[in-house]
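# Descriptive analysis of the structure
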Amino acid sequence: MRGEPLAWAPGPAQAAALLEEAADLLVLHRDFAAALERCEAGCDSLGPGPEPGTEPGPGPESFAEVKRSLCVVGIQALAEMNRWREVLSWVLQYYHVPEHLPPKVLELCMLLYSRVGEPQVMLEVGSSWLRAQANQSLPEFGSLLELYLAQVLLPLGRFEGAEELVRGCAMFDSQQQLEFLSTILERRSRWAQREETRSAAEEQQDPGTETVLGVLSQKLLTMFTLLRRALRSMSNHFYLLPYKKMLLATFLLYLVVVRLDPASPTSLPFIYKLVQLFRQAWAAVLSPVHRPPIRD
């Protein structure tokens, strides 16, 4: 005759003792790392455990309850250490698939990732759990479905998926479905209003950009106007030059560039005279009309 029931075999008994230590470390000593270590050791001591759906053994706490409590304390320890990104993967290493998560563990995960602004992490996990046939008979199913709608689907704007999930739930009667669908419709309306407000705010930024472009265009137009006036003034000065001098200067330039060898010593006096002539022409172009001509 065995002195202890099956549920309190050495593995579960050790896990229960580690659970008590982890709870004390978390609440009293606030040693979150040590509490997480106790939770991991307790879950490892339990092993794979019974198959999902089997009846737990007798005793004050069953195998599944100890494992669930260890995971709850471990989730809180990870959150306190700001390691919330590891929570889902840490839990799934002990339950392997989302469908086997206990309702309390799934609830904590959804609340945690919703609070930190990452509800999309629980999108596929929550959907898999809710669609599992074995979970739909649990008493917590209705509250978890409502939590999944409020904390995951609706904040992400998954309104079609939310409506499909509500209509496909056999646990809800027509009145409950109507209430859920009314909530979804209200959230969809608010979502659309926010999108319209955001679009209006973005459109208000465009006139500001157009104003800046208008100022730049006005400045460019002013610059082109001044440039046109300067060119017109220079052309007026050119018209005042004697045509004979302009033709003579052009001919002499042709002689220098095409016909004359600048390296020849005989060409130096001629080049000097040509430079003097160009100086007079340049001064006549850039000086006012009433300025007397430059004399040698």
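What comes next concerns the included structure.

The rules we used
- Residues numbered from 1 in each chain as written.
- Predicted model: local features only at pLDDT ≥ 70, side-chain atom pairs only at ≥ 80, totals over all residues.
- Heavy atoms only, no water.
- Axes fitted to C-alpha atoms, helices over the stretch in contact; angles between N-to-C directions.
- Helix = DSSP H or I, 4+ residues; strand = E, 2+ residues; numbered from the N terminus.
- Parallel < 35°, antiparallel > 145°, perpendicular 65-115°, else oblique.
- Left-handed = near helix turned anticlockwise from the far one by under 90°.
- Contact = heavy atoms within 4.5 Å.
- Nonpolar A, V, L, I, M, F, W, Y, C, P; charged D, E, K, R; others polar.
- Salt bridge = Lys/Arg side-chain N within 4 Å of Asp/Glu carboxyl O.
- Buried < 20%, exposed > 50% of the residue type's maximum accessible area, 1.4 Å probe, protein only.
- Phe/Tyr/Trp six-rings, centres within 6.5 Å; stacked < 30°, edge-to-face > 60°.
- Lys NZ or Arg CZ within 6 Å of the ring centre and 35° of its normal.

### Structural notes on the packing of helix α3 (residues 63-80) against helix α5 (residues 103-115)
Where α3 contacts α5, the two axes come as close as 9 Å, and the packing angle between them is 15°. With respect to α5, the element α3 is oriented roughly parallel. Crossing geometry of α3 relative to α5 is assigned as left-handed. Contact residues: α3 offers R68, C71, V72, I75 and A79, while α5 offers K104, V105, L108, C109 and L112. Looking at side-chain class alone, the contact of α3 with α5 contains 8 nonpolar, no polar and 2 charged residues.

### Digging into the pattern of salt bridges
According to the stated counting rule, one finds 6 salt bridges in the structure shown. Ionic pairing is found between R188 and E160, a salt bridge with its closest N-O pair at 3.6 Å. With R188 in helix α9 (residues 174-240) and E160 in helix α8 (residues 159-167), the pair connects residues that are 28 residues apart, well separated along the chain. For R188, a relative accessible area of 27% puts it in the partly exposed group. Residues E163 and R188 are paired through a salt bridge, measuring 3.1 Å at the closest nitrogen-oxygen approach. Of this pair, E163 sits in helix α8 while R188 is found in helix α9, placing the two residues 25 residues apart along the sequence. What you see here is one network of salt bridges that share partners, running through E160, E163, R167 and R188.

### Thoughts on unusual backbone geometry
Even without a glycine there, the phi angle at R30 is positive, about 55°. Along the chain, R30 falls in the loop between α1 (10-27) and α2 (32-46). Its identity as a non-glycine residue notwithstanding, N82 has a phi of 60°, on the positive side. Mapped onto the secondary structure, N82 falls in the loop between α3 and α4 (87-95).

### Some thoughts on the packing of aromatic side chains
What characterises a pair of aromatic rings is the spacing of the ring centres plus the angle enclosed by the ring planes. Taken as a whole, this structure holds 4 aromatic pairs when the rule is applied. Both rings, one in W84 and one in Y113, keep their centres 6.1 Å apart while their planes meet at 80°; by these two values the pair is edge-to-face. Here the residue W84 occupies a position in the loop between α3 and α4, and Y113 occupies one in helix α5, the gap between them amounting to 29 residues. Of the two residues, W84 and Y113, both sit in the buried class. Directly above the aromatic system of Y95 lies the positively charged group of K67, at a separation of 4.5 Å from the ring centroid.

### A closer look at the environment of E179
Position of E179 relative to the elements: it lies in helix α9. For the pair E179 and V166, spaced 13 residues apart in sequence, the C-alpha to C-alpha distance is 10.0 Å.

### Things to note about the environment of V72
Tracing the sequence through the fold places V72 in helix α3. Residues V72 and V105, 33 residues apart in the sequence, show an inter-C-alpha distance of 6.3 Å. When residues no more than four places from it in sequence are discounted, the contact partners of V72 are K104, V105 and L108.

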